[in-house]
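Descriptive analysis of the structure
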Amino acid sequence: MSGTQVDPNGGERDSRRKKILFRCWHRGMKEMDLLLGGFADAEIDNLSDEELRELEHLLTAYDQDLYAWMTGRTPLPPEWDGPLYRRIIVYHEAAGPAGFVK
């Protein structure tokens, strides 16, 4: 066994995606683990390089800030807004998790 994770589509997941996935599930705040990790589990293999860069940027935000933005408790600063952030929100709104303000 090579140690490389195989994605559901039969391809190998590169190390960048594996690192991002790990970081999404190990945030330090369980709510953010679920929000980012759940999205990443479902979508990591479909993300473009630009989307991966945006996700890596989101991972630099403080959990408390990101959670407040994602739940609508505080406004999202423009410098954090981007297509992938909006995609994450839409993904979770469609799933209907608790905590989202519509």
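Residues numbered from 1 in each chain as written. Predicted model: local features only at pLDDT ≥ 70, side-chain atom pairs only at ≥ 80, totals over all residues. Heavy atoms only, no water.

Focus on helix α5 (residues 83-95)
Quick reminder of the rule: Segments assigned H or I by DSSP are reported as helices when at least four residues long, segments assigned E as strands when at least two residues long, and all are numbered from the N terminus. Here a helix's expected span is defined as the number of its residues, less one, multiplied by 1.5 Å. When a residue's accessible area, from a 1.4 Å probe over protein chains only, is under 20% of the maximum for its type it is buried; when over 50% it is exposed; and in between it is partly exposed. Within this analysis, the arc is defined by the directions that extend from the helix axis to the C-beta atoms. Contact criterion: two residues are considered in contact whenever any of their non-hydrogen atoms come within 4.5 Å of each other.
Here α5 spans 18 Å end to end across 13 residues, near enough to the 18 Å set by a 1.5 Å rise per residue. The set of residues buried in α5 consists of L84, Y85, I88, I89 and H92. Take α5 and look down its axis: the buried residues cluster within an arc of 145°, on one side only. Relative to its buried face, α5 has exposed residues pointing more than 90 degrees away, namely P83, V90 and A94. On its buried face, α5 sits against α2 (30-43), α3 (49-58) and α4 (63-70).

Quick look at the pattern of salt bridges
So the rule is basically this: What makes a salt bridge here is a side-chain nitrogen of Lys or Arg within 4 Å of a carboxyl oxygen of Asp or Glu, nothing more.
Under the defined criterion, the tally for this structure stands at eight salt bridges. Here R17 and D14 are joined by a salt bridge, their closest N and O atoms 2.8 Å apart. As a salt-bridge pair, D63 and R27 come within 2.7 Å of each other at their nearest N and O atoms. A residue pair is termed long-range when its members are at least 10 positions apart, and D63 in helix α4 and R27 in the loop between α1 (15-25) and α2 qualify at 36 residues.

Remarks on the packing of aromatic side chains
To keep things clear, this is the line we draw: Classification of ring pairs uses Phe, Tyr and Trp, with its six-membered ring standing for Trp, and accepts pairs whose centres are within 6.5 Å; under 30 degrees between planes counts as stacked, over 60 as edge-to-face, and the remaining range as tilted.
Under the counting rule described, the total for this entry stands at two aromatic pairs. Seen in terms of ring centroids, F39 and Y91 are 5.5 Å apart; in terms of plane orientation they differ by 80°. Their pairing is edge-to-face. Of this pair, F39 sits in helix α2 while Y91 is found in helix α5, placing the two residues 52 residues apart along the sequence. Using a relative accessible area of 29% as the deciding quantity, one classes Y91 as partly exposed. The interplanar angle of 35° and the centroid separation of 5.5 Å between the aromatic rings of W69 and W80 together place this pair among those described as tilted. Note that W69 is positioned in helix α4 and W80 in the loop between α4 and α5, a separation of eleven residues in sequence.

A look at the environment of W25
One can find W25 in helix α1. In this structure W25 comes out as partly exposed when scored by relative accessible area, which is 26%. On a C-alpha basis, the gap between W25 and A40 in space is 8.6 Å, while along the polypeptide they are 15 residues apart. Setting aside anything within four residues of it in sequence, one finds W25 in contact with D33, L34, G37, G38 and D41.

Re the packing of α4 against α5
Just so we agree on the cut-off: Interaxial angles span 0 to 180 degrees and are taken between N-to-C directions of axes, which are lines fitted to C-alpha atoms, for helices over the stretch in contact. Residues are grouped as follows: Ala, Val, Leu, Ile, Met, Phe, Trp, Tyr, Cys and Pro are nonpolar; Asp, Glu, Lys and Arg are charged; all remaining types, including Gly, are polar.
Direction vectors running N to C along α4 and α5 enclose 65°, while the axes themselves pass 11 Å from each other. Contacts between α4 and α5 pair L66, W69 and M70 from the former with Y85, I88 and I89 from the latter. Classifying every residue of the contact of α4 with α5 by side-chain character gives six nonpolar, no polar and no charged.

Section: α1
Taken as a whole, α1 has its buried residues at R17, I20, L21 and C24. For α1, the buried positions fall inside an angular range of 100° around the axis, keeping them on one side. With respect to the buried face of α1, the exposed residues turned more than 90 degrees away are K19 and F22. Contacts made by the buried residues of α1 are with α2 and α3.

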